[in-house]
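Next come the chains, spelled out residue by residue.
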Amino acid sequence: MGIRIVSTRPFSDQKPGTSGLRKKVTAFRQPHYLENFVQSIFDSIAAPKGATLVLGGDGRYYNREAIQIILKMAAANGIGRVLLGRGGILSTPAASCVIRKYQTFGGIILSASHNPGGPDGDFGIKYNTGNGGPAPEKVTEAIFARSKTIVEYRMLDAADVAFDAVGETSLGNMKVQVFDPVSDYAELMESLFDFAAIRNLLAAGDIAQPDAQTSCTEMSPLRPFPQSAGYASNVSGARFHIKFDAMHAVNGPYAKEILERRLGAPAGSVINAVPLVDFGGGHPDPNLTYAHDLVEIMYGAEAPDFGAASDGDGDRNMILGQRFFVTPSDSLAVLAANATLAPGYEQGLAGVARSMPTSAAVDRVAQALNIPCYETPTGWKFFGNLMDAGKVTLCGEESFGTGSDHVREKDGLWAVLFWLNILAARRLSVESIVREHWAKYGRNVYSRYDYEGLPTEAAQGVMQHLKNNFATLAGAQFGKYTVKYCDDFSYTDPVDGSVSTGQGVRIIFTDGSRIVFRLSGTGTEGATLRVYLEAFEADVVCHHLDAQVALADLIGIALQISELKLRTGREQPTVIT
Ligand code: G1P
Ligand code: ZN
C-alpha cells in the first residue's frame, strides 16, 4: 500500500460558514473537491504523528463514500487512529462527547445539519478541535487560506474499509476502530439526568392541572388553556405519553436506545427512527413547518403530553406540549430557571450564554439567579471559549439549539431529556411550566422570518440599506415603538480577545423590543435573509397568546424600514418559526 501524491488545483469557494463547509452533493462530488478540503484541514491542524481523530456523520447521501476518502487521506497524513462510528453514523453531540471522553486530537463530522440530503441535496464537513467543539475562526480561516493555495493531497492506495461492525482494522499504519455510536453518549446522559424519575414519569405520568393563577384570559383557538382535552386523560396513574420524531435522521438510534430501551417509553414513541440517506425526502429541521408528522400528532385530538424532534445531525431540538409550542428562546430560559432539578446541574449554573438574535428571555433568568449572561454572534463555535473557561454552563440559540458544557456542541436529545427531567420533578404540563415562567419573568414574544434563496445582491442590498439608515433610524418613532439605537453587532471574545464584526443589524427599541436582520452563513443556494422579531410583554395574563398577532406591529416596521419587499420581490417569508 503506497501513498499517492495527487496534484490538484484550488477551488475558490471552500470558505467554512457558520458551521463548516456546506455545499450541494454535486459540488462535493467534483473531482478533488472533498480531497482538497480534507487536505487543507490536515495541513492546517498540524496533528502530531500518530494522533487520534474521531469520524462519523449523520448518514446522509455521500456519507459512506466521504468516509472512505477521509480514512485513506488520514492514513496518508500520519494519523495513528480513527475512532469511527459504526456504519459511519455519529450524531454531532455524540462526536463531541467521544472527542472529549477519549481526549482525541479532534474530529471530523460529516453533515449539512438540517439541510435536505440525497443526490441533489446538501453535504457538509466540519472539523472539531480537542475540546469537542467546532473549530474556532482562526482555525477555519487557516483551512480556507490553505484551500486557496493547495497544489497536492495525500491518499493511501488501499481497498475500502468495512465499517458496519464494531471492531478494529488496519489501514496502512493507521488503526480504524469502529465503535457503537450510541453507548458513550447514552452513558453521559445517564450521568446528567435522573433516569429513575423519568422512567417513573413515563410509567405513571401523574401531572397536575395547570395553576389557575397563571391562566390567560385571552385564549388562542389553537391552543386552549387552561383545560385542554388532553389534561383530562392525565389523571393520577395514567401514562405520560411522549412522541419523539427523529425525522429519519441520525438521532433515531439514539432516541430508540435512550427513550424506549433505557427509559421504558413504549415502542413506537420514537417515530421516523431509521436514518435514511435522503431523510425520507424531507427537510430534517425540527420546526413547526418541517416536523409536520410530529406537529399533526401534537396538535391532534389524542395528543401526547410531550413531543420533540431533532435535526439531521441530532444537535437541534424542538419541544412541544399538547397543542403547545415552546420557542427555543423560552426553552433555554426554562431550562436555566429549572436547571438544579437535574442531578448534573444541581450545583447551579456558572453563567449562561445566548446568540445575539436569541430572545432575552434567558437574560431575565440570569438576572434573577445573579449569574452572568453572555451575548455572542450566531454559531456554536462562540460558546466554546466561554465553556472552556468555566464562564457558562448553559447556552442556546433561537434556531432550535440548546446545550451545556457536558459537550461543546448543541445537543438535541440532551434538551429533550432535560425537559423530561423537569417534567418528572415538577409534575406539571409543558404548557403550565412555560406559562408559570412567563408569569414570573415576563414574556419575550418571539418569531423568526426566513427569506430563503434570494438573489445575493438583493439580500445584501437590504442589509446595506439598513446600515445606511442607522443615523435617521435612531430616535425614530413607529406607533408605540421608539428606536433606542441600531448597530451592526460585533463581539469581543472575553476569553481570547478576538473580535468578530458584521454579525447582524440590530434595531433596538426603548422598551427592549428588537428587530434583527442577518444573512445566513449555512445556506447553499443564493442568500437567506433572516428577520428576528422580539417584543417584551411584562403582563402575560392578558395579552394575546399568538406570537404572530402580538408581533404584527414589529413585522410591519421591519418590512417598512428594510424595503424588503421592494428590494427582493418577496411578499412572504419562506419559513416562519
Ligand atoms: C443557522 C442558525 C444558527 C446555527 C447554525 C448551525 O445558521 O441560524 O443559529 O448555529 O445554523 O446549526 P445561519 O444559517 O443563520 O448562519
Ligand atoms: Zn444540526
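See the structure shown above.
Our subject in this report is the structure included herewith. (Residues numbered from 1 in each chain as written. Chains lettered and ligands numbered in written order. Predicted model: local features only at pLDDT ≥ 70, side-chain atom pairs only at ≥ 80, totals over all residues. Heavy atoms only, no water.)

Along the chain, the regular secondary structure elements total 20 helices and 27 strands. For the chain, whose C-alpha radius of gyration is 24 Å, the value lies close to the compact-globule estimate of 25 Å for 577 residues. Considered along the principal axes of its C-alpha atoms, the chain spans approximately 75 × 60 × 40 Å. Burial status across the chain gives 60% buried among its 577 residues. When contacts within the chain are restricted to residue pairs at least 6 apart in sequence, long-range pairs at least 24 apart make up 73% of them. As displayed, the chain offers around 20,700 Å² of accessible surface, 50% of which is attributable to carbon and sulfur atoms. Averaging the positions of the 52 positive and the 62 negative side-chain charges in the chain gives two centres separated by 4 Å. (Helix = DSSP H or I, 4+ residues; strand = E, 2+ residues; numbered from the N terminus. Rg over C-alpha atoms; globule rule 2.2 N^0.38 Å. Buried < 20%, exposed > 50% of the residue type's maximum accessible area, 1.4 Å probe, protein only. Contact = heavy atoms within 4.5 Å. Areas by Shrake-Rupley, 256 points an atom, 1.4 Å probe, with all protein chains shown as cover. Lys, Arg positive; Asp, Glu negative; His and termini not counted. Charge placed at Lys NZ, Arg CZ, Asp CG, Glu CD.)

So, about the sheet that holds strand β6 (residues 122-129). Read from one edge of the open sheet, seven strands run β2-β6-β5-β3-β4-β9-β8, paired in mixed fashion. Where the open sheet ends on each side, the last strands, each with one partner, are β2 (21-24) and β8 (167-171). Strand after strand, the sheet turns through a mean of 20° between neighbouring axes, direction not considered. For β2 and β6, the ladder comprises four bridges, and the chain directions are antiparallel. Bridged to Lys-23 within β6 is Phe-123. Docked against the sheet, helix α3 (residues 63-76) engages β3 (52-57), β4 (81-89), β5 (106-110), β6, β8 and β9 (174-179), running at close to 170° with respect to β4. (Pairing = 2+ DSSP bridges. Axes fitted to C-alpha atoms, helices over the stretch in contact; angles between N-to-C directions.)

Next up on the list: the coordination of the zinc ion (ligand 2). Around a metal, the perfect tetrahedron of four donors has angles of 109.5 degrees, and the perfect octahedron of six donors has angles of 90 or 180 degrees. The coordination sphere of the zinc ion (ligand 2) contains the protein donors Ser-113 (OG), Asp-311 (OD), Asp-313 (OD) and Asp-315 (OD), at a distance range of 2.0 to 2.1 Å. Because the angles between the four donor atoms bound to the zinc ion (ligand 2) fall within 87 to 164°, the donor set is best described as irregular. Positions of the donor residues of the zinc ion (ligand 2) along the chain correspond to the pattern S-x197-D-x1-D-x1-D. In this pair, Ser-113 sits in the loop between β5 and β6 while Asp-315 sits in the loop between β12 (306-310) and β13 (317-321), placing the two residues 202 residues apart along the sequence. An identical accessibility class is assigned to Ser-113 and Asp-315; each is buried. (Donors = N, O, S within 2.8 Å, 3.2 Å for Na, K, Ca; no water. Tetrahedral: all angles 85-135°; square planar, octahedral: opposite > 155°, others 65-115°.)

In this section: the layout of surface pockets. Here the largest pocket is characterised by a volume of approximately 710 Å³. Residue assignment for the lining of the largest pocket shows that the elements contributing at least two residues are α5 (137-147), α13 (381-388), α16 (456-468), β25 (514-519) and β26 (527-537). The residue makeup of the lining of the largest pocket, split by class, is six nonpolar, 15 polar and seven charged. Of the pockets and cavities examined, the second largest pocket occupies roughly 440 Å³. As for the second largest pocket, its lining consists of 27 residues, of which Asn-115, His-283, Glu-452, Gly-523 and Thr-528 are closest to the centre. Of all elements in the fold, only β19 (443-454) and β26 reach the threshold of two or more residues within the lining of the second largest pocket. (1 Å grid on protein atoms, 1.4 Å probe; cavity = no way out; pocket = protein on both sides within 12 Å on 5 of 7 lines; lining within 4 Å. Points joined across faces, edges and corners; volume = space filled by probe spheres on them. Nonpolar A, V, L, I, M, F, W, Y, C, P; charged D, E, K, R; others polar.)

The environment of ligand 1 is made up of 15 residues, and the closest members are Thr-18, Glu-397, Ser-399, Thr-522 and Arg-530. For ligand 1, an oxygen atom lies 2.6 Å from a polar atom in the side chain of Glu-397. One nitrogen or oxygen atom from the side chain of Lys-410 is found 2.8 Å from an oxygen atom belonging to ligand 1. Within the complex, the protein chains bury 99% of what would otherwise be the 380 Å² of accessible surface of ligand 1. At a threshold of 2 Å from the grid points, most atoms of ligand 1 map onto the largest cavity. Residues belonging to the shell around ligand 1 are distributed by class as follows: no nonpolar, eight polar and seven charged. (Near = heavy atom within 4 Å. Polar contact = N/O pair within 3.5 Å; in protein donor to acceptor, adjacent residues only side chain to side chain. Sits in = over half its atoms within 2 Å of the grid points.)

With that out of the way, let us pick up the environment of Phe-163. By secondary structure assignment, the location of Phe-163 is in the loop between β7 (152-156) and β8. Among the residues examined, Phe-163 registers a relative accessible area of 2% and is labelled buried. Sequence separation between Phe-163 and Gln-68 is 95 residues; the distance between their C-alpha atoms is 9.6 Å. Not counting the four nearest positions on each side in its chain, Phe-163 is found in contact with Arg-64, Ile-67, Gln-68, Leu-84, Arg-86, Gly-87, Gly-88 and Val-178.

When the charged atoms of two side chains with opposite charge come close together, those side chains can pair. Per the stated rule, a full pass over the model turns up 35 salt bridges. The partner of Asp-363 in a salt bridge is Arg-354, with the nearest N and O atoms 2.6 Å apart. A relative accessible area of 24% means that Asp-363 is categorised as partly exposed. Here the salt bridges do not stand alone but share partners, grouping Arg-354, Asp-363, Glu-375, Asp-487, Arg-506, Arg-514 and Glu-534 into one network. (Salt bridge = Lys/Arg side-chain N within 4 Å of Asp/Glu carboxyl O.)

What follows covers the packing of helix α2 (residues 33-45) against α3. The contact between α2 and α3 brings their axes to 10 Å, and the two run at 40°. With respect to each other, α2 and α3 are oriented oblique. The two elements α2 and α3 meet at a crossing, and its hand is right-handed. Facing α2, whose interface residues are Leu-34, Glu-35, Val-38, Gln-39 and Phe-42, α3 presents Ala-66, Ile-69, Ile-70, Met-73 and Ala-74. Considered class by class, the residues forming the contact of α2 with α3 number eight nonpolar, one polar and one charged. (Parallel < 35°, antiparallel > 145°, perpendicular 65-115°, else oblique. Left-handed = near helix turned anticlockwise from the far one by under 90°.)

In regular strands, side chains alternate between the two faces of the sheet. Where strand β20 (residues 477-478) lies against strand β21 (residues 481-488), two bridges are found, and the strand directions are antiparallel. Each bridged residue has a counterpart across the sheet, and for Gln-477 the counterpart in β21 is Thr-482. Taken together, β20 and the strand that follows it, β21, pair antiparallel across an intervening segment of two residues, in which Gly-479 is found at a positive phi of about 55°. Pairing between β21 and strand β24 (residues 505-509): five bridges, direction antiparallel. Paired with Tyr-485 across the strands is Ile-508, a residue of β24.

Its identity as a non-glycine residue notwithstanding, Ser-113 has a phi of 55°, on the positive side. For Phe-400, which is not a glycine, the phi torsion comes out positive at approximately 65°.

We now examine the packing of aromatic side chains. This model, assessed by the stated rule, comprises 16 aromatic pairs. Geometrically, the ring pair formed by Phe-193 and Trp-414 is tilted, given 6.5 Å between the ring centres and 55° between the ring planes. Placement of the pair is Phe-193 in the loop between α6 (183-192) and α7 (195-204) and Trp-414 in helix α14 (residues 412-426), with a sequence separation of 221 residues. Neither residue differs from the other here; Phe-193 and Trp-414 are each classed as buried. Look at Tyr-345 and Trp-414: their rings are 6.3 Å apart centre to centre, the planes differ by 75°, and that puts the pair in the edge-to-face class. Here Trp-414 lies in helix α14 and Tyr-345 lies in the loop between α11 (328-338) and β15 (352-355), a separation of 69 residues in the sequence. Ring-pair connections join several aromatic residues into one group, and the members of that group are Phe-11, Phe-28, Tyr-33, Tyr-62 and Phe-123. Positioned over the ring face of Phe-536 is Arg-364, at 3.5 Å from the centre of the ring. The ring of Trp-438 carries Arg-443 above its face, with NZ or CZ at 4.0 Å from the centroid. (Phe/Tyr/Trp six-rings, centres within 6.5 Å; stacked < 30°, edge-to-face > 60°. Lys NZ or Arg CZ within 6 Å of the ring centre and 35° of its normal.)

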